[in-house]
Amino acid sequence: MKHNTQLGSRIAEVHNGSSLFTGDAGQGESNIRRWIIENDWLEAIVALPLNMFYNTGIATYIWVLTNRKPERRKGRVQLIDATQWYKPLQAASQEPG
């Protein structure tokens, strides 16, 4: 992340659900989550619809990180439930062209 600019940086990371819950206290995953939250870099978590990846029922989340939160958002994390915001794609035709 850029630290020497007025705008800073914003990063979007795609995770499965395990990154929210795995790792015992004091272990790698837990320490990373704690470090992100203690530094107030977590801006939002977006829950995506199931089956975003072909033939999987894996829960998928986007973590939005920033090192330049506006004052009104400091100490807060926005949780967005986008699990119902989708439209199924139509299956491709199997007939020859």
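Below you will find a few notes about this structure. (Residues numbered from 1 in each chain as written. Predicted model: local features only at pLDDT ≥ 70, side-chain atom pairs only at ≥ 80, totals over all residues. Heavy atoms only, no water.)

**Details of the overall build of the protein chain**
Regarding its fold elements, the protein chain presents two helices and four strands. Ordered by position in the sequence, the α and β elements of the protein chain form the string β-α-α-β-β-β. Counting over 97 residues, the protein chain shows a buried share of 27%. Taking the intrachain contacts of the protein chain between residues at least 6 apart in sequence as the baseline, contacts between residues at least 24 apart amount to 65%. Here the protein chain displays about 7,800 Å² of accessible surface, and carbon together with sulfur accounts for 54% of that area. (Helix = DSSP H or I, 4+ residues; strand = E, 2+ residues; numbered from the N terminus. Buried < 20%, exposed > 50% of the residue type's maximum accessible area, 1.4 Å probe, protein only. Contact = heavy atoms within 4.5 Å. Areas by Shrake-Rupley, 256 points an atom, 1.4 Å probe, with all protein chains shown as cover.)

**A look at the pattern of salt bridges**
Proximity of charged atoms lets side chains of opposite charge pair with each other. Taken as a whole and judged by the stated rule, the model has four salt bridges. Residue arginine 34 pairs with glutamate 38 through a salt bridge whose shortest N-O separation is 3.4 Å. With arginine 34 and glutamate 38 both in helix H2 (residues 28–38), this residue pair falls four residues apart, about one helical turn. When its relative accessible area of 60% is taken as the criterion, glutamate 38 is described as exposed. We note a salt bridge from aspartate 40 to lysine 69, for which the minimum N-O separation is 2.7 Å. One end of the pair, aspartate 40, is in the loop between H2 and strand E2 (42–47); the other, lysine 69, is in the loop between strand E3 (60–66) and strand E4 (78–81), and 29 residues separate them in sequence. (Salt bridge = Lys/Arg side-chain N within 4 Å of Asp/Glu carboxyl O.)

**Quick look at the sheet that holds E3**
Hydrogen bonding along the main chain pairs the strands of a sheet, whether they run parallel or antiparallel. The mixed open sheet is built from four strands, whose spatial order is E1-E3-E2-E4. Whereas interior strands pair on both sides, the edge strands pair on one side only; in this sheet they are strand E1 (10–16) and E4. With direction set aside, neighbouring strand axes in the sheet form an average angle of 15°. Note that E2 and E4 share four bridges and pair parallel. For alanine 47, the partnering residue across the bridge sits in E4 and is aspartate 81. (Pairing = 2+ DSSP bridges. Axes fitted to C-alpha atoms, helices over the stretch in contact; angles between N-to-C directions.)

**Quick look at the side chain of threonine 66**
Examined against the element boundaries, threonine 66 turns out to sit in strand E3. A polar side-chain atom of threonine 66 sits 3.0 Å from the main-chain carbonyl oxygen of serine 9. Excluding its chain neighbours within four sequence positions, the residues that come into contact with threonine 66 are Met1, Ser9, Arg10, Asp40, Trp41 and Glu43. (Polar contact = N/O pair within 3.5 Å; in protein donor to acceptor, adjacent residues only side chain to side chain.)

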